[in-house]
Number of protein chains: 2
Amino acid sequence: MNDNVFRAMADPTRRKILDLLKAGPLTAGEIAQKFDSAQPTISRHLSVLKNAQLVADERKGPYIVYRLNTTVVQNWLAWLINNFGGDIRVQQ
Amino acid sequence: MNDNVFRAMADPTRRKILDLLKAGPLTAGEIAQKFDSAQPTISRHLSVLKNAQLVADERKGPYIVYRLNTTVVQNWLAWLINNFGGDIRVQQ
DNA sequence: CTATTATATAGCTATTTAGCTAAATATCAA
DNA sequence: TTGATATTTAGCTAAATAGCTATATAATAG
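Residues numbered from 1 in each chain as written. Chains lettered and ligands numbered in written order. Predicted model: local features only at pLDDT ≥ 70, side-chain atom pairs only at ≥ 80, totals over all residues. Heavy atoms only, no water.

## Quick notes on the sheet that holds strand E3 (residues 63-68) of chain B
Through backbone hydrogen bonds, the strands of a sheet pair up, either in parallel or in antiparallel fashion.
All names here are of chain B.
Item 1. Strand order in the open sheet made by the three strands is E1-E3-E2, with antiparallel pairing throughout. Sheet topology places strand E1 (26-27) and strand E2 (55-60) at the edges, where each strand pairs with a single neighbour.
Item 2. Two elements, E1 and E3, share two bridges in a ladder whose sense is antiparallel. Directly across from Thr27, in E3, lies its bridge partner Val65.
Item 3. Together, E1, E2 and E3 form the strand contacts of helix H2 (residues 12-22), whose direction differs from that of E3 by roughly 90 degrees. (Pairing = 2+ DSSP bridges. Helix = DSSP H or I, 4+ residues; strand = E, 2+ residues; numbered from the N terminus. Contact = heavy atoms within 4.5 Å. Axes fitted to C-alpha atoms, helices over the stretch in contact; angles between N-to-C directions.)

Next up, the structure:
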């Protein structure tokens, strides 16, 4: 549910991963290179993001390409704005 | 920092507390009554929210009244929209 | 099939966190 | 001051989480 999104978002490394993916899809290896953590650590962060459906993955030969699931991100933001946004209104 | 807000928001009980406070300030006891958890458990949730500055507290005699800190909530939302909102734009 | 590369999973440890009960603190009435 | 009420803090346990290394799986080249 939404809860997975909140928990996924609670970690700064995962938010950084999402930030990287804003510029376009990246392979798991490319993502891991941007961090100091070990590759399996980043792999697990990716699986948390995937579980929250904030990212989608697709195998491309030996690589697994991750992309931002903008729909889920935007739905989450819309939910937040509706629930905590007060008088914030979004331009269509 | 922002990180405290994300972590505070990651718990469903705390989001529910914020939701209750949208309707107006409540005492710690009034908040605790709305939940099945023990009162000290809710007290600690309140302290997490306070630490993230999502709520403010003020003693009123024997009571401690909590209110939503709408400024911090809105700033957090604005940050989220700027960082993950894609084309979402907020009306001023 | 074998070796290599890319990635995930298993299994462990240390840290964090949520929950509880019991005890401490603060306010106030008498 | 004493007692009652409101709330927090301390101290504990159980569960979740992030990190690591080692191992397994998947794809592909030779």
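And the narrative resumes.
## Section: the interface of chain A and chain B
Item 1. The partner chain B presents 25 residues to the 26 residues of chain A that form the contact.
Item 2. Carbon and sulfur atoms supply 66% of the area buried between chain A and chain B, which totals about 2,300 Å² over both sides.
Item 3. When the buried surface of chain A facing chain B is broken down by residue, Arg15, Leu77 and Phe84 of chain A rank first, second and third, together holding 26% of it.
Item 4. The interface formed by chain A and chain B includes two salt bridges.
Item 5. We note a salt bridge from Asp3 of chain B to Arg15 of chain A, for which the minimum N-O separation is 2.6 Å.
Item 6. Summed over the shared surface of chain A and chain B, the number is six residue pairs in polar contact (both at pLDDT 80 or more). (Buried area = accessible area lost by both parts, 1.4 Å probe. Salt bridge = Lys/Arg side-chain N within 4 Å of Asp/Glu carboxyl O. Polar contact = N/O pair within 3.5 Å; in protein donor to acceptor, adjacent residues only side chain to side chain.)

## Examining the relation of the copies chain A and chain B
Item 1. With an RMSD of 0.1 Å, the fit of chain A onto chain B corresponds to turning through 180 degrees and sliding 0.0 Å along the axis. Interpreted geometrically, this transformation is the action of a two-fold axis. Closest approach to the rotation axis within chain A is made by the C-alpha atom of Val90 of chain A, at a distance of 2.0 Å.
Item 2. When the interface residues of chain A are mapped onto chain B, 96% of them are again interface residues, pointing to one common binding face. (Least-squares fit on C-alpha atoms with pLDDT ≥ 70 in both.)

## Some thoughts on the environment of Ala28 of chain A
All names here are of chain A.
Item 1. Take Ala28: it is sitting in helix H3 (residues 28-33).
Item 2. For the pair Ala28 and Asp11, spaced 17 residues apart in the sequence, the C-alpha separation amounts to 18 Å.
Item 3. Ignoring sequence-local partners within four residues, the contact set of Ala28 consists of Leu46, Ile64 and Tyr66.

## Description of helix H5 (residues 70-84) of chain A
Item 1. Taking 1.5 Å of rise per residue, 15 residues should cover 21 Å, and H5 of chain A covers 21 Å from first to last C-alpha, within 8% of that figure.
Item 2. Taken as a whole, H5 of chain A has its buried residues at Val72, Val73, Trp76, Leu77, Leu80, Ile81 and Phe84 of chain A.
Item 3. Looking at the packing, one finds that the buried side of H5 of chain A touches helix H1 (2-9), strand E3 (63-68) and strand E4 (90-91) of chain A together with helix H1 (2-9), H2 and helix H5 (70-84) of chain B.
Item 4. Phi for Gly86 of chain A, located one or two positions after H5 of chain A, is positive at around 55 degrees. (Expected span 1.5 Å × (residues − 1). Buried < 20%, exposed > 50% of the residue type's maximum accessible area, 1.4 Å probe, protein only.)

## Concerning the protein's contact with DNA strand D
Item 1. Taken together, 22 residues are adjacent to DNA strand D, and Thr41 and His45 of chain A together with Gly29, Gln39 and Tyr66 of chain B come closest.
Item 2. One nitrogen or oxygen atom from the main chain of Ile64 of chain B is found 3.3 Å from a phosphate oxygen belonging to DNA strand D.
Item 3. Those elements giving two or more residues to the surface near DNA strand D turn out to be helix H4 (39-51) of chain A together with helix H3 (28-33), helix H4 (39-51) and E3 of chain B.
Item 4. When residues of the surface near DNA strand D are assigned to their parent elements, the largest contribution, four residues, is made by H4 of chain A.
Item 5. A per-class count over the surface near DNA strand D returns nine nonpolar, eight polar and five charged. (Near = heavy atom within 4 Å. Nonpolar A, V, L, I, M, F, W, Y, C, P; charged D, E, K, R; others polar.)

## Re the protein's contact with DNA strand C
Item 1. Within the structure, DNA strand C sits among 22 residues, and Tyr66 of chain A together with Arg14, Thr41, Arg44 and His45 of chain B are positioned closest to it.
Item 2. Within 4 Å of the protein, the contacting atoms of DNA strand C are drawn from sugar and phosphate to the extent of 68%.
Item 3. Per-element tally for the surface near DNA strand C: the top contributor is H4 of chain B, with four residues.
Item 4. Across the surface near DNA strand C, the residue classes break down as nine nonpolar, eight polar and five charged.

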